[in-house]
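Fold and contact review
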Amino acid sequence: MIQLRPFLELNRIEAGCDEAGRGCLAGPVTAAAVILHHSISGLTDSKKLSAKKRMQLSAIIKQDASFSFGHVQNDEIDKINIHQATLKAMQEAIINLPITPDLVYVDGKFIPNVEMNCEAVIGGDMLIAEISAASIIAKVYRDEIMTELDKKFPVYGFANNKGYGTAQHLAALKKSGYTNFHRLSFKGVIV
């Protein structure tokens, strides 16, 4: 069950951070950091929500919270690896928050290198509202990036698969090769 800690009842500011697109074959890895100003009903792991519900919640979060994003593009992912790229995107998102939090809850086992108090929370997107909110807006924002890429490269089906290695995407890679948005270090991209 998600822990709701109302913003004004605390004497400290808490943020949540999560990423989207870690396992994709194309596009950036995107992280978001969120400070909730009020409780928002329906927050959970973005993967548990329909696309429509994610978009609705994303709009509410962006209207009533402080947030920022971080991105690491595919070419840098290939250079530094996806783990380091994820931490770098999270670092960027946390540093760019318009309010400096007293504590940042980070989804997963690892925390980025920031000069703030951070706590890693495995499964945090199901436990902590701020991480859930970050999960949702990161996913929606990254999905929008991939939908735009689909307009340039429709053969890969990015609007539907968001860069993940679906059968259609893998077949397109075999037939048409890769784009400059693909992660060349990921299995299945170069065939």
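Criteria and thresholds
- Residues numbered from 1 in each chain as written.
- Predicted model: local features only at pLDDT ≥ 70, side-chain atom pairs only at ≥ 80, totals over all residues.
- Heavy atoms only, no water.
- Axes fitted to C-alpha atoms, helices over the stretch in contact; angles between N-to-C directions.
- Helix = DSSP H or I, 4+ residues; strand = E, 2+ residues; numbered from the N terminus.
- Parallel < 35°, antiparallel > 145°, perpendicular 65-115°, else oblique.
- Left-handed = near helix turned anticlockwise from the far one by under 90°.
- Contact = heavy atoms within 4.5 Å.
- Nonpolar A, V, L, I, M, F, W, Y, C, P; charged D, E, K, R; others polar.
- Core = buried A, V, L, I, M, F, W, Y, C linked by side-chain atoms within 4.5 Å.
- Buried < 20%, exposed > 50% of the residue type's maximum accessible area, 1.4 Å probe, protein only.
- Salt bridge = Lys/Arg side-chain N within 4 Å of Asp/Glu carboxyl O.

**A short note on the packing of helix H1 (residues 51–63) against helix H4 (residues 129–152)**
- In contact at an axis separation of 9 Å, H1 and H4 are set at 115° when each is read in the N-to-C sense. When the interaxial angle is binned, H1 and H4 end up roughly perpendicular. Between H1 and H4 lies a crossing of left-handed hand. Contacts between H1 and H4 involve Arg54, Met55, Leu57, Ser58, Ile61 and Lys62 from the first element and Ala133, Ile136, Ile137, Lys139, Val140 and Asp143 from the second.
- Residue composition of the contact of H1 with H4, grouped by class: 7 nonpolar, 1 polar and 4 charged.

**Focus: the nonpolar core**
- Counting 30 residues, the largest nonpolar core has Val29, Ile77, Ile94, Val104, Val106 and Phe158 as the members making the most contacts within it.
- Every element with two or more residues in this core is listed here: strand E1 (14–20), strand E2 (29–36), helix H3 (82–95), strand E4 (103–107), H4 and helix H6 (167–176).
- At 6 residues, H3 tops the list of elements feeding residues into this core.
- With 17 residues, the next largest nonpolar core counts Leu43, Ile61, Ala134 and Ile137 among its residues.

**Considering unusual backbone geometry**
- The backbone of Asn81 sits at a positive phi, close to 85°, despite the residue not being glycine.
- Inspection of the secondary structure puts Asn81 in the loop between helix H2 (74–80) and H3.
- The class for Asn81 is partly exposed, based on a relative accessible area of 39%.
- The backbone of Lys162 shows a phi angle near 55°, a positive value even though the residue is not glycine.
- Looking at the secondary structure, you find Lys162 in the loop between helix H5 (158–161) and H6.

**Regarding the pattern of salt bridges**
- On inspection of all chains with the given rule, the structure shows 7 salt bridges.
- Notably, a salt bridge pairs Glu14 with Arg12, separated by 2.7 Å at the nearest N-O pair.
- When its relative accessible area of 3% is taken as the criterion, Glu14 is described as buried.
- Accessibility expressed as a relative area gives 39% for Arg12, which makes it partly exposed.
- In this structure, the salt-bridge partner of Asp125 is Lys47, at a minimum N-O distance of 3.8 Å. With Asp125 in the loop between strand E5 (118–121) and H4 and Lys47 in the loop between E2 and H1, this pair connects stretches of sequence that are 78 residues apart.
- Bridged by salt links that share partners, the residues Asp45, Lys47 and Asp125 form one connected network.

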